[in-house]
Amino acid sequence: MILIAVVSLGAIGFVGAGILYLASKKFEVYEDPRIAQVQEILPAANCGGCGYPGCGGFAAACVKADSLDGFLCPVGGADVMSQVATILGKEVVAAVPMVAVVRCNGTCSSRPRNNQYDGIKSCTIASNLYGGESACTNGCLGYGDCVVSCAFDAISINPTTGIAEVDEAKCTSCGACVKACPKAIIELRKKGPKSRRIFVSCINKDKGAAAKKACANACIGCSLCKKQCEFDAITIENNVAYIDYNKCRLCRKCVAVCPTGAIHELNFPPRKEKVVEAKVVETSETENK
Amino acid sequence: MENNLYVSPSPHIHGGDSVSKNMYGVLIALLPALLVSLYFFGLGALIVIVTSVVACAAFEFIIQKYLMKQKASLCDGSAVLTGLLLAFNLPSNLPIWIILIGALAAIGIGKMSFGGLGNNIFNPALVGRVFLLISFPAQMTTWPTPGVFPMTYTDAQTGATVLTAMKEGATTLPSYADMLLGNMGGSLGEVGAIALLLGFAFMLWRKIITWHIPVSILATVAVFAGIMHLVDPVAYVDPCVQLLSGGLLLGAIFMATDYVTSPMTHGGMIVYGIGIGILTVVIRLFGAYPEGMSFAILIMNAFTPLINSYMKPKLFGDK
Amino acid sequence: MLKTFRIGGIHPPENKLSAGKQITGLALPTQVIIPLGQHIGAPAQALVKKGDIVKVGTPIAKAGGFVSANIHASVSGKVAKVDNVLDASGYKRMAIYIDVVGDEWEETIDRSETLIKECTLAPKEIVDKIAACGIVGLGGATFPTQVKLMPPPGTKAELIIINAVECEPYLTSDHALMLEKAEEILVGVTILMQSVSVSKAVIGVENNKKDAIEKLTSLAKQYAGIEIMPLKVQYPQGGEKQLIDAVIRKQVKSGGLPISTGAVVQNVGTAFAVYEAVQKNKPLFERVVTVTGKAVSNTCNLLVRVGTPIRYLIEAAGGIPENTGKIIGGGPMMGKALITADVPVTKGSSGILLMTKEESVRKPMSNCIRCAKCVSACPMGLNPTHLMNLTEFAEWDGAEKNHIADCIECGSCSFTCPANRPLLDQIRFGKGKVMGIIRARKS
């Protein structure tokens, strides 16, 4: 009795295995083994920050491409890219480390709220409806679409300011938050030497008076910073200043002259050592290039 | 004054309907059947109902508060409803400890493990009932005989239900009048046909449910059982007995119409109802168990997502 | 048995507080702000600059494309500036500010009250005149009227349907207009019939406006081809597709144009504006606006110049009540919540609704219990709760397959939901997203 069961089940199993084997041979799709190798190295975050659908897509594109120019895994950074380059026998293309920057500093106190939003707590849905809870229609809404989009827990809404904040240690510059922000407030900027960077923390396009009325910390497009800049790094368009991070030498003169405090400096030592620091920065900048 | 106006997307008014209104509406609809059960099963019915309702509410509160760390949503009345429906599906002489296990299965396994109200796949009360039916078949299938406000509980005199009697080949059945009023053995809430129909009418009037599910179930059972009766009148009883016996009315009106586990479109509801009807009759006539309603509903619950994805609402412009 | 549309629908409390109130004029404000984008389509292009002197009816902006409309000065005076204004969209957009001086009208406008029934213009001339006068759909959608009167090739208009349904709760501006300007409306309808060369028109009126139905019916005997059809009170009957279904029992196919059923739908207010434009040479620069709300002391129907800040209207209605929580431009189902009372009246403003604080706040939402009440309520035969789930998880393909683009944003789903789920918030967002994807695919 038992024997019959064992034999018949064994036979079924054997035949099934044979069919599976034949099918796998017949329908096999050739895949470059290097794709799997590359994928092994990649961080497997599948964040899409590289512009490809997940790490697999990126690996396939790397293998297919002639040179690695323009390919960057923002999560793994230069480290991972150099490993990828070794596997593929291609040249490493140095990449500049970037970081996400929230360009709004209209805190709850500087930008008084004049209405209350009572819909789904989503920036995209709120911004489809109207400009926001303050008189500034360009500022951060603070409902956290960027927070949801971040796969690395690097962005959060500061409860006292009501504005998104980036934890630069965790930020991998994948760009998910840039896409998620309906107000286009978040920008990827060069991380800068020792993480030092200067940027205009405002994107409002209203004229000076209106902007100032809506938010005490708004950029009013006054051009003082532009006049101060020796490196031609600042442009003013639509009543708002923008600092080109490739031209900026981090001298911080613009920060000092801004009447509304809209230009922010990050990770600089206190002001006293300004001159010395500026030099150090300049040299390291040239080294980088 | 204008500062701090509220801003939200349209619509700016709400109809005032709420989850708790619907749940309490169903509870009100269950009242006539509750009174019938108290009349015929007396003290036992009262103990079973109170135990089941309190246990279900307590389990929901404890699980939400301490396991899921959510705000407890007891006030919406859904746990109380589950408790009452579970009690309605139990014999009135069931010991308290078994009821507690049933309540835990209903709330813990049937509802909370899926994420609470709205996320469960199966009707929680039926999960509890079937859990008990399989675990304690003896206690779950001895039904007290009805009396007039009997003051007995586990010591009640027991007898067979219509369906078990038929399964065992009995020939004498209660009269139609007894079946309509509820003067027969059975789970405590399923006996009073008229009381259950009153509840149905109330829910239709309050627009809590639509007619589609109950009517399609009852019609299917009547037609299917009717055909079987015509084929062999000796082996299969007439469809009226099928309709009035067992948990058919209770199931069709109160259990199968559970919002969460039934299809969303009217077409889907009819398919679902026909499925339940056929399965019930098949289990009753050809299966090992005398009663098939609970199993039929649970099986069709599992098909609900599938029905939902095939039975789409009729799109504007397709006419 | 009165007719209505055949799928879904709800019946919100009507609250027509200002019904039966006469239309009264509103004193001119000191300054009007006329937005350049107050219709669907491309914004108009300004023709005037700071310092220009304008009269009532002077063109101040010309249509910025095929689907666009001219804009005329609603007051006489001096252009103060062309600048941004926070309008009903909740964003700052361009507008022309005019300081009011006197009330001098263009000479071409016939200001007499005499009714002119005769119209001998050819269809093309009528459409041109309507376009020149900047007439848009006054029901709220503000679609340029002349575009609707030029059916695309391959389609043919068979009848005109006049939307006098006013299914939004609270609003009564169309009702008031029908009572006071019934003859003018009927002449306007005749002109509309002439413009698309049809011999039949149906005016659909909901049965809660019995006096208007009576009045129109008795007068319509003098006008050939116009039928007044009382309809069962049901929201959203004022939706174009729903009204066509209710009146001629034809449903516009998913993705199709209403004209495919042979019906051209125009609002009753538009018919009146057409009469004034064609017979009196009067461009569209004023309209009837209902000011209403449970706490408003003097609910009213006002004849208001376009560009008047709504603060003036509210003051005429007795001022902003103490516990106002929300100001809505339009009705409670589809209107937009406004941030301030400085928003100007536009061609599409049919009403201003002031809600008390208690009415304004949404109740907290809970889990979906799949009761399918939204499915029964949806007038387009969609499954709102399923669509909400799909958009929450960014399943755009699935949302498109489930016809999210057919949503008319009537809000019946959110209104009925017992769990207070903001279905329409999410679906509207998803619809926008899916429409964008569809457009990108086509181009």
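Residues numbered from 1 in each chain as written. Chains lettered and ligands numbered in written order. Predicted model: local features only at pLDDT ≥ 70, side-chain atom pairs only at ≥ 80, totals over all residues. Heavy atoms only, no water.

So, about the environment of B:Leu31. Turning to its location among the elements, B:Leu31 is positioned in helix α1 (residues 19-67). Taking the C-alpha atoms as reference, B:Leu31 lies 9.0 Å from B:Leu196; in sequence the two are 165 residues apart. (Helix = DSSP H or I, 4+ residues; strand = E, 2+ residues; numbered from the N terminus.)

Attention now goes to the domain arrangement of chain A. All names here are of chain A. Structurally, chain A comprises domain 1 (34-88) and domain 2 (98-288). Each of domain 1 and domain 2 has a C-alpha centre, and the two are 30 Å apart. When the two sides are added together, the surface that domain 1 and domain 2 hide from each other amounts to roughly 430 Å², 66% of it contributed by carbon and sulfur. Sorting the residues of domain 1 by area buried against domain 2 places Cys47, Pro74 and Val75 first, and these three jointly supply 66% of that buried surface. Across the contact surface, domain 1 and domain 2 share zero salt bridges. On the surface where domain 1 and domain 2 come into contact, there are zero residue pairs in polar contact (both at pLDDT 80 or more). Here the residues of the side of domain 1 that touches domain 2 sort into four nonpolar, two polar and no charged. (Domains from an automatic or database assignment. Buried area = accessible area lost by both parts, 1.4 Å probe. Salt bridge = Lys/Arg side-chain N within 4 Å of Asp/Glu carboxyl O. Polar contact = N/O pair within 3.5 Å; in protein donor to acceptor, adjacent residues only side chain to side chain. Nonpolar A, V, L, I, M, F, W, Y, C, P; charged D, E, K, R; others polar.)

Further remarks concern the domain arrangement of chain C. In terms of domain boundaries, chain C breaks down into domain 1 (29-106), domain 2 (123-280), domain 3 (286-361) and domain 4 (373-442). When each unit is reduced to the centre of its C-alpha atoms, the spacing between domain 1 of chain C and domain 4 of chain C is 36 Å.

The next subject is the sheet that holds strand β12 (residues 263-267) of chain C. Residues and elements named next belong to chain C. The four strands lie next to each other as β11-β10-β9-β12, forming an open sheet whose pairing is parallel. Of all the strands in the sheet, the pair left with one neighbour each is β11 (226-231) and β12. Sheet twist, expressed as the average angle between the axes of neighbouring strands with direction ignored, equals 25°. In terms of strand pairing, strand β9 (residues 159-164) meets β12 through five bridges, oriented parallel. Among the inter-strand pairings, Ile162 is bridged to a residue of β12, identified as Gln266. Set on the sheet, helix α7 (residues 268-280) makes contact with β9 and β12; between it and β12 the angle comes to about 80°. (Pairing = 2+ DSSP bridges. Axes fitted to C-alpha atoms, helices over the stretch in contact; angles between N-to-C directions. Contact = heavy atoms within 4.5 Å.)

It is worth spelling out the interface of chain C and chain B at this point. The partner chain B presents 38 residues to the 68 residues of chain C that form the contact. Of the roughly 4400 Å² buried where chain C meets chain B, counting both sides, 57% is carbon and sulfur surface. For the chain C face of the interface with chain B, the top three residues by lost area are C:Ile369, C:Arg370 and C:Phe415, together amounting to 17%. Where chain C touches chain B, the interface holds one salt bridge. For C:Lys373, the salt bridge goes to B:Asp17, with nearest N and O atoms at 3.0 Å.

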